Amino acid sequence: MELRTLRYFVAVAEESHFGRAATRLHMSQPPLSRAIKRLEADVGALLFVRSAAGVTLTAVGTVLLDEARALLDHADRVRVRVSAAAGVATLTVGILGDGGDPGVTRLAAAYRRRHPGIEIRIRVADLTDPTCGVRSGLVDVALTRAPLDETALALRVLRTDPVGVVLRADDPLARRDRLRLADLSDRRWFRFPQGTDPVWQSYWNGGRPREGPVVRAVHECLQAVLWNGTVGLAPLRHDLPAELAVVPLIDMAPSRVVAVWNEGDTNPLLRSFIEIATAAYRH
């Protein structure tokens, strides 16, 4: 059994779906399906029960999942220890503005337990660069939000959050249980500076050009709402001051919390970080 095939198997088992697993692995579905069938032939038993809705593990698959995770975990530790011995013992992580996310807290604790000898350097980025420095080479991996321009990047979805509109608490719309983007068509929105990733900008502007103050940081966005009555979007789980309210938007796609890194980066520290992050955000 090759480690790569076991990683494929774990991805399918965790996603319960070949299509989602293929997306997570940045590959097409047919070669993934073939790899799993070869693994089943090697094992001599079915690992998944297939259905139109996805897949579920068989009893044999459940046993293999535990063993595969343990084996892959050991392989990652070997790579990290060898890299550390060679002097490659630092990983730089970019974080988009809200390091108070409980997922980040769990990830930090889990990573320290797994790799106590690795130095993690943190770079907190503002809203003008959703890759937090990945594209410019300032960081190895970023904990950020999608959608963004994914050209030459690899991406792992860690969580999805529903989105709402941030309003002043005394705004008449703040008393509503839910809103649509059309309810905000006559409002001023905050905007990002010229040159900001257009995919990112379009999402946070509700899919159309807007007029309003230019902001660079989450704090500036909130101040724009407080002082000017500007509206903007934010994940519903974002903590807000008492003077502000957030109302769910029923026609807005959720915001995905993602880990992003440069496509083709083979740093073993990065591989281990992504797997630990996936588990940390799942809880």
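Notes on the structure in this doc start here.

Reading the values: rules and limits
Residues numbered from 1 in each chain as written. Predicted model: local features only at pLDDT ≥ 70, side-chain atom pairs only at ≥ 80, totals over all residues. Heavy atoms only, no water. Core = buried A, V, L, I, M, F, W, Y, C linked by side-chain atoms within 4.5 Å. Buried < 20%, exposed > 50% of the residue type's maximum accessible area, 1.4 Å probe, protein only. Helix = DSSP H or I, 4+ residues; strand = E, 2+ residues; numbered from the N terminus. Contact = heavy atoms within 4.5 Å. Salt bridge = Lys/Arg side-chain N within 4 Å of Asp/Glu carboxyl O. Phe/Tyr/Trp six-rings, centres within 6.5 Å; stacked < 30°, edge-to-face > 60°. Pairing = 2+ DSSP bridges. Axes fitted to C-alpha atoms, helices over the stretch in contact; angles between N-to-C directions. Disulfide = S-S within 2.5 Å. Polar contact = N/O pair within 3.5 Å; in protein donor to acceptor, adjacent residues only side chain to side chain.

**Structural notes on the nonpolar core**
Working step 1: In terms of nonpolar packing, the biggest core is built from 36 residues, with V165, L167, L179, L233 and L249 touching the most fellow members.
Working step 2: Looking at this core, the elements with two or more residues in it are β5 (141–146), β6 (153–161), β7 (163–168), α6 (198–204), α7 (218–228), β9 (244–248) and β10 (255–262).
Working step 3: Apart from residues lying up to four places away in sequence, V165 is in contact with L179, L184, V231, G232, L233, A245, V246, V247 and L249.
Working step 4: Judged by nonpolar contacts, the second largest core, of 23 residues, contains I118, L143, L158 and I276.

**Structural notes on the pattern of salt bridges**
Working step 1: Under the defined criterion, the tally for this structure stands at 13 salt bridges.
Working step 2: One salt bridge connects R121 with E119, and the closest N-O pair in it is separated by 3.3 Å.
Working step 3: Classification of E119 as partly exposed rests on a relative accessible area of 41%.
Working step 4: Between D149 and R135 there is a salt bridge, with the nearest N and O atoms lying 3.8 Å from each other. Of the two residues, D149 sits in the loop between β5 and β6 while R135 sits in the loop between β4 (119–125) and β5, which places them 14 residues apart along the sequence.
Working step 5: Note on D149: relative accessible area 29%, which makes it partly exposed.
Working step 6: With a relative accessible area of 40%, R135 lands in the partly exposed category.

**What about the packing of aromatic side chains?**
Working step 1: Applying the stated rule across the entire model yields 6 aromatic pairs.
Working step 2: On the numbers, 6.2 Å between centres and 70° between planes, the contact of F18 with F48 is edge-to-face. Note that F18 is positioned in helix α2 (residues 18–25) and F48 in strand β1 (residues 48–51), a separation of 30 residues in sequence. Considered together, F18 and F48 belong to a single accessibility category, that of buried residues.
Working step 3: Where Y111 meets F273, the ring centres are 5.7 Å apart and the plane angle is 55°; that geometry is what we call tilted. Highlighted residues: Y111 in helix α5 (residues 102–114) and F273 in helix α8 (residues 268–282), separated in sequence by 162 residues.
Working step 4: Owing to a relative accessible area of 4%, F273 belongs among the buried residues under this scheme.

**So, the sheet that holds strand β3 (residues 90–96)**
Working step 1: Taken in spatial order, the 5 strands make up an open sheet running β4-β3-β5-β10-β6, and their pairing is mixed. At either margin of the open sheet sits one strand with a lone partner, and together these are β4 and β6. Pairs of neighbouring strands in the sheet enclose a mean axial angle of 25°, with direction left out of account.
Working step 2: As defined by bridge partners, β3 adjoins β4 across 7 bridges and the pair is classed as parallel. Bridge assignment links L96 to a residue of β4, and that residue is A125.

**Examining the state of the cysteines**
Throughout this description, disulfide means a covalent bond between two cysteine sulfur atoms.
Working step 1: Inspection of the entire model under this criterion finds 0 disulfides.
Working step 2: With no disulfide of its own, C132 lies 14 Å from the sulfur of C221, the closest cysteine sulfur.
Working step 3: Taking relative accessible area as the criterion, C221 reaches 7% and is therefore assigned buried.

**A few points about the environment of A280**
Working step 1: For A280, the position within the fold is in helix α8.
Working step 2: Relative accessible area serves as the criterion here: at 7%, A280 is assigned to the buried category.
Working step 3: The spacing of A280 and D186 is 94 residues in sequence and 41 Å in space, taken between C-alpha atoms.

**Quick word on the pairing of β3**
Working step 1: Burial analysis of β3 places 6 of its 7 residues in the buried class, which makes it a mostly covered element.
Working step 2: Summarising the sheet, β3 and β5 pair through 3 bridges and their orientation is parallel. Of the residues in β5, the one forming a bridge with V93 is V141.

**Looking at the side chain of D171**
Working step 1: Relative to the elements of secondary structure, D171 occurs in the loop between β7 and α6.
Working step 2: The class of D171 is buried, set by a relative accessible area of 9%.
Working step 3: Of note is the side chain of D171, whose polar atom sits 2.7 Å from the side chain of R187.

**Things to note about unusual backbone geometry**
For residues other than glycine, phi is negative in most cases, and the peptide bonds are mostly trans.
Working step 1: Cis geometry is adopted by the peptide bond preceding P147, which originates at A146 and carries an omega value of 15°.
Working step 2: With respect to the helices and strands, P147 occurs in the loop between β5 and β6.
Working step 3: For C132, which is not a glycine, the phi torsion comes out positive at approximately 60°.
Working step 4: Although it is not a glycine, A152 adopts a positive phi angle of roughly 65°.
Working step 5: In this fold, A152 is placed in the loop between β5 and β6.

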